[in-house]
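Topology and contacts: notes
Spelled out from the first residue to the last, the chains are:
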Amino acid sequence: MRISKFVDPLPIPQTLKPDFKKNGVTRYTVKMKQAFQSLHRDLPKTKLWGYNGVFPGPKFEVRKGELVDVLWENKLPKKHLLPVDTSIHGAQKSNPRVRTVVHLHGAKVRSDSDGYPEAWFTRDFEKTGPSYKHKIYRYTNNQRPTMLWYHDHALGITRLNLYSGLAGIYFIRDEQEAALPLPKGPYEIPLVITDRTVKPDGSLYYPKRPMPSSLKNPKSKIPYPSVVPEFFGKQILVNGKIWPYLNVEPRRYRFRILNASNSRFYNLKLSSGQPLYQIGSDGGLLKKPVKLNEILIAPAERIDVIVDFSKMAGKRIILTNNAAAPFPNGDPKNFNSKTTGIIMQFRVNLPLRGKDTSRIPPVLSKLIKLSTKNVKKVRNLSLDEGYDEYGRLFQLLTNRMWDDPVTEKPVVGTKEIWNLINTTGDTHPVHLHLVQFQILQRRPFDVNYYNRTGKLRFTGPPIKPAPNERGFKDTVKASPGQVTKILARFGPYSGQYAWHCHIIEHEDHDMMRPFKVILKKRIKG
């Protein structure tokens, strides 16, 4: 099926309006609903799930330190849009097929408002999961200004709920960032990039079983439907449109980019050869801007970039992608330079509405570098691959399943170094809930020796993080054959949280672990 490119204008997510403001708290209500939405001019409308019935969901605009309460309501049908595998954790037949819980990705929140995978609830809260606490979530927004995102996190079906459309963006603002001479208002535009396969009738396609090549025995008797190791769609969507275009003026624009895909990485580049000026990442502004020709963005990562169209009047510029899928080694059937290699088009055809007074300051923020002094604990945490009881390829963290006892218990207010030891062939975007961390280094190691002995033998010197990775992060690319070293201060809250690979198929099967932030024990006597 051929779909014409650049025939739909880029939609801009609408800002969510609060229900009310009272006693210093801003209150919102968001309903998860099934709806039909046009993803492309030439296709019938697609049945989707969306927050307030739209994909991606409405945009939150909040102030740093503003107390925000959100009532997340499930108004979805009881039958799932996509095939549910009941053999994986959390999705067993005893649980409802349609369950939801919202995670505000990158937020520092109490554990009962974090969207813990087992805190799920069904339509109208008829049934709830074992970790469910209350209907209304509170976000304190006491962190650096940045773009977070919210998405479903229900145990065992996150990949299906996210693919169905349950994702949206969340801005935290403050006066210091607003005072910078960066593009603002209509010149600051969010770009939520996803991949989907949309059939000619407009319906979403998602596979019901893995390819034989990912099975230990291609003739294995596996559950039907079954989880797959990864999934890569054939069309690229931005803000819910397939290969859209955006009319722009010949001036600077600020693009807040999110990779909300299940499995696909994007290596972004402009066809004009122009540079991309990255000014921020997951945890807000960098210290200084970084000039780049291309930027690799993994699932769940965000980048904040400036593009200067001032000398491009009359031009049409394509935002392209050349990342292998899976990343980094790839499979040719998952990438096509004429389809998944194309993101969207910029048309520099609007008249300049006024002088462009924006600029990119040489210093963006007072970025505090975390010190490695007084680190409470250093943890060696492996990223592993194997086969489950049905012979299906799957991934693990520390060779443990989700339901195994908690092994990581950092103390509130203390710093820890986590060494992510990737023994697999994939790059895994590892996400920690609750904290924003910093990348210290990556270092190659002998994987075979580690697998035999459990000991690290490095095969090269440490590699410093790239300049655009030196801000605060909540998701880090852990490359194969490398130890990725990150540093985090845990807190300010105690409670149970999750860390996992943000390739969602990996997360669901079974690359996710709980961790518990504990209060310092008092010494008696």
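This text goes with the structure placed above it.
What comes next is a walk through the structure. Fair warning: this is a prediction, and the values are worked out from it, not measured in the lab. (Residues numbered from 1 in each chain as written. Predicted model: local features only at pLDDT ≥ 70, side-chain atom pairs only at ≥ 80, totals over all residues. Heavy atoms only, no water.)

This brings us to the sheet that holds strand 4 (residues 60-63). Read from one edge of the open sheet, four strands run 4-9-8-6, paired in mixed fashion. Strands with a single pairing partner mark the edges of an open sheet, and in this sheet they are strand 4 and strand 6 (102-105). Across this sheet, the average inter-strand angle for adjacent strands is 25°, counted without regard to direction. (Pairing = 2+ DSSP bridges. Helix = DSSP H or I, 4+ residues; strand = E, 2+ residues; numbered from the N terminus. Axes fitted to C-alpha atoms, helices over the stretch in contact; angles between N-to-C directions.)

With that out of the way, let us pick up the nonpolar core. With 93 residues, the main nonpolar core has Trp72, Tyr170, Phe255 and Phe346 as its most contacted residues. Residues Val476, Ile486, Cys501 and Val517 belong to the second largest nonpolar core, which totals 28 residues. (Core = buried A, V, L, I, M, F, W, Y, C linked by side-chain atoms within 4.5 Å. Buried < 20%, exposed > 50% of the residue type's maximum accessible area, 1.4 Å probe, protein only.)

Turning next to the sheet that holds strand 26 (residues 428-432). The strand order 28-26-30-31 describes an open sheet built from four strands, whose pairing is antiparallel. Among the strands making up the open sheet, the edge pair consists of strand 28 (475-478) and strand 31 (512-517). Each adjacent strand pair in this sheet contributes to an overall mean axis angle of 25°, direction not counted. Sheet analysis places strand 26 next to strand 30 (residues 495-501), joined by three bridges and oriented antiparallel.

Take the side chain of Thr484 next. Mapped onto the elements, Thr484 comes out in strand 29 (residues 482-489). Note on Thr484: relative accessible area 0%, which makes it buried. Non-local contacts of Thr484, meaning those with residues more than four positions away in its chain, are made with Trp418, Asn419, Leu420, Gln441, Arg442, Val476, Lys477, Ala478 and Ser479. (Contact = heavy atoms within 4.5 Å.)

To continue, consider the pattern of salt bridges. Under the criterion given, the structure shown has 35 salt bridges. With its nearest N and O atoms 3.1 Å apart, the salt bridge here joins Lys59 to Glu61. A residue is classified by how much of its surface remains accessible, and Lys59, at 10% relative accessible area, is buried. Linking Arg392 and Asp388 is a salt bridge whose minimum nitrogen-to-oxygen distance equals 2.8 Å. Overall, the relative accessible area of 10% leaves Asp388 in the buried class. Among the charged side chains, a salt-bridge network with shared partners connects Lys59, Glu61, Arg173, Glu177, Glu188, Arg254, Arg256 and Asp304. (Salt bridge = Lys/Arg side-chain N within 4 Å of Asp/Glu carboxyl O.)

Attention now goes to the environment of Asp508. With respect to the secondary-structure elements, Asp508 resides in helix 4 (residues 504-508). Along the sequence, Asp508 and His153 sit 355 residues apart, while their C-alpha atoms lie 9.6 Å from each other. Apart from the residues lying within four places of it in its own chain, the contact partners of Asp508 are Ile88, His89, Ala154, Gly156, Ile157, Thr158 and Arg159. Among the polar contacts listed, one links the side chain of Asp508 to the backbone nitrogen of Thr158, at a separation of 3.2 Å. (Polar contact = N/O pair within 3.5 Å; in protein donor to acceptor, adjacent residues only side chain to side chain.)

Here Trp120 lies in the loop between strand 6 and strand 7 (136-139). Put simply, Trp120 and Arg99 are 21 residues apart on the chain and 5.8 Å apart in space, counted from C-alpha to C-alpha. For Trp120, the contacting residues outside a window of four places in its chain are Asn95, Pro96, Arg99, Thr100, Val101, Lys127, Thr128, Gly129, Pro130, Tyr132 and Ala154.

For the rest of this paragraph, the subject is the pairing of strand 30. Across the seven residues of strand 30, six count as buried, placing the element largely inside the fold. As defined by bridge partners, strand 30 adjoins strand 31 across six bridges and the pair is classed as antiparallel. The residue of strand 31 that forms the bridge with Ala498 is Pro514.

Most of strand 10 (residues 188-198) sits inside the fold, with 11 of its 11 residues counted as buried. The alternating pattern of strand 10 places Glu188, Pro190, Val192, Thr194, Arg196 and Val198 and Ile189, Leu191, Ile193, Asp195 and Thr197 on opposite faces, both of which are buried. Pairing analysis gives four bridges linking strand 10 to strand 12 (residues 235-238), with the strands arranged antiparallel. Within the sheet, the bridge partner assigned to Asp195 lies in strand 12 and is Ile236. Bridge analysis of strand 10 against strand 11 (residues 204-205) gives two bridges, and the strand direction is antiparallel. Along strand 11, the bridge assignment pairs Val198 with Leu204. The turn joining strand 10 and strand 11, which pair antiparallel and follow one another in sequence, is formed by five residues; a positive phi near 90° is taken by Gly202.

Here we take up the packing of aromatic side chains. For the structure on display, the rule yields 30 aromatic pairs. Centre to centre, the rings of Tyr253 and Phe255 are 6.0 Å apart; their planes meet at 10°, and the pair counts as stacked. Comparing Tyr253 with Phe255, the two get one shared label, buried. Considering the side-chain rings of Phe309 and Phe346, the 5.3 Å spacing of their centres and the 50° angle between planes classify their relative orientation as tilted. Taken together, the residues span a long stretch of sequence, with Phe309 in the loop between strand 20 (302-308) and strand 21 (316-321) and Phe346 in strand 22 (residues 342-347) at a distance of 37 residues. Across this residue pair, the class does not change: Phe309 and Phe346 are buried. One aromatic cluster in this structure is built from Tyr28, Tyr51, Phe60, Trp72, Tyr137, Tyr139, Tyr150 and Tyr170. Positioned over the ring face of Trp120 is Arg99, at 5.3 Å from the centre of the ring. The lysine or arginine in question, Arg251, covers the ring of Tyr187, its NZ or CZ lying 3.5 Å from the ring centre. (Phe/Tyr/Trp six-rings, centres within 6.5 Å; stacked < 30°, edge-to-face > 60°. Lys NZ or Arg CZ within 6 Å of the ring centre and 35° of its normal.)

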